[in-house]
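# Per-entry structural report
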Amino acid sequence: FHGIISREQADEILAGVEGAYILRESQRQPGCYTLALRFGNQTLNYRLFYDGKHFVGEKRFESIHDLVTDGLITLYIETKASEYISKMTTNPIYEHIGYATLLREKVSRRLSRTKNESRKTSVTSEENTPVEKITSLVRRAALTQNDNHFNYEKAHNFKVHTFRGPHWCEYCANFMWGLIAQGVRCSDCGLNVHKQCSKYVPNDCQPDLKRIKRVYCCDLTTLVKAHNTQRPMVVDSCIREIEARGLKSEGLYRVSGFTEHIEDVKMAFDRDGDKADISASIYPDINIIAGALKLYFRDLPIPVITYDTYSKFIEAAKISNPDERLEAIHEVLMLLPAAHYETLRYLMIHLKKVTLHEKENFMNAENLGIVFGPTLMRPPEDSTLATLNDMRYQKLIVQILIENEDVLF
């Protein structure tokens, strides 16, 4: 550290010593510090910051020496190989061998299976009178089988990563340079790539179960792809148990089970996955299972009705004409990610069954809409006022989805 000196003085001190560096306090802005680094026969000056670690860009270092070492490596690579770096992503190895090939085989196997398990097609029946509720445009859309909807695309969850020892990018097959934070790693599937290559990697993440630490609070699509299922197994398990012994239970989904028992169910799923025992011998109160299902939906980082589609659903609910409203809701449903759509479809079929036992359980579509509205959809901004203003529309959306599940799905 050389105190308050000018750029010119720093240049004189470093002249002729490639790779040398000094720290100085700025003359123009006392209290601000600059890293002066000699590279390529010139002195480069960088504003230096400290927040517990040293940094000039996004990488943070324990010591100035490590920062300079990483900087010199990066400067050297970018200077000597700039043309090559710019061409790295034009013919990536990712497209031809290794990870991508293995992934395509997994995806093709899943698609061949799920295409045979087509969506519920009750809307195609000539005897299905609810079709008359809907306009011809929606009917045509509902009858159109969209195979791509089953292609459960998932973006990679890339995070900056420091690799120990030499590492190569799995997209372009080139060396990942630098001392720390040389690239990014997908925390769901483990794909390692350059940060600049991550922009070109397609949304084909195939999560590895070993990397999925829990079931609750896990992204819905991530969980579904990791378990290779169409819907989260929590949803399947809970609904199967509720339909087996709880459809006639008074106040189903409205009456709360004991919180500590619901937390037990949550921990069981997190610990044992689809092998979790939620049978009557362990949890005789069906409200505990219903509570665990609602908790799963509430804990999702992205709700079943996603943040991206939330405002569109609310606007659709505000339409006064019933046919136009139904058409608008159907159009927004088609915007949901495949795993979210399938989960919502399966839940609505189940809730319709619940309403068929209204005489025993006292739960009609409106009551279920009050319960599941705020559970399945939340406004993107964390605003209490927005939530209160939209509550009646949230209820109405779920109510319409239940009453018209045979037409909308």
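Higher on the page you've got the structure.
In short, a report on the structure. (Residues numbered from 1 in each chain as written. Predicted model: local features only at pLDDT ≥ 70, side-chain atom pairs only at ≥ 80, totals over all residues. Heavy atoms only, no water.)

### A closer look at helix α9 (residues 286-299)
Between its first and last C-alpha, α9 extends 20 Å over 14 residues, near the 20 Å set by a 1.5 Å rise per residue. Within α9, twelve of the 14 residues are buried, which leaves it mostly tucked inside the rest of the structure. Of the residues making up α9, those classed as buried are I286, N287, I288, I289, A290, G291, A292, L293, K294, L295, Y296 and F297. The inward-facing, buried residues of α9 abut α6 (220-227), α7 (233-245), α8 (259-272), α12 (338-355) and α14 (365-376). One side-chain oxygen at the N-terminal end of α9 lies 3.0 Å from the backbone nitrogen of N287; it belongs to D285. (Helix = DSSP H or I, 4+ residues; strand = E, 2+ residues; numbered from the N terminus. Expected span 1.5 Å × (residues − 1). Buried < 20%, exposed > 50% of the residue type's maximum accessible area, 1.4 Å probe, protein only. Contact = heavy atoms within 4.5 Å. Polar contact = N/O pair within 3.5 Å; in protein donor to acceptor, adjacent residues only side chain to side chain.)

### Focus on the nonpolar core
In this structure, Y253, F269, F297, L333, L344, M348 and F372 are the most contacted members of the largest nonpolar core, which totals 71 residues. Take this core: its biggest share by element is nine residues, from α9. Ignoring sequence-local partners within four residues, the contact set of L344 consists of V304, I305, L333, L336, L376, L401 and F409. In terms of nonpolar packing, the next biggest core, distinct from the first, is built from 17 residues, M176, V184, V193 and C205 among them. (Core = buried A, V, L, I, M, F, W, Y, C linked by side-chain atoms within 4.5 Å.)

### Re the sheet that holds strand β2 (residues 33-39)
Strand order across the open sheet formed by four strands is β1-β2-β3-β4, with antiparallel pairing between neighbours. Sheet topology places β1 (21-25) and β4 (54-55) at the edges, where each strand pairs with a single neighbour. Against the sheet, helix α2 (residues 64-80) touches β1, β2, β3 (42-50) and β4, its axis set at about 45° to β2. (Pairing = 2+ DSSP bridges. Axes fitted to C-alpha atoms, helices over the stretch in contact; angles between N-to-C directions.)

### Brief notes about the pattern of salt bridges
A full pass over the atoms with the stated rule returns 15 salt bridges. The closest approach of N and O atoms between D51 and R60, which form a salt bridge, is 3.0 Å. The salt bridge involving E62 is made with K53; its shortest N-O contact spans 3.5 Å. Look at E62 and you get exposed, because its relative accessible area is 58%. Given the relative accessible area of 34%, K53 is considered partly exposed. Bridged by salt links that share partners, the residues R231, D236, E342 and R345 form one connected network. (Salt bridge = Lys/Arg side-chain N within 4 Å of Asp/Glu carboxyl O.)

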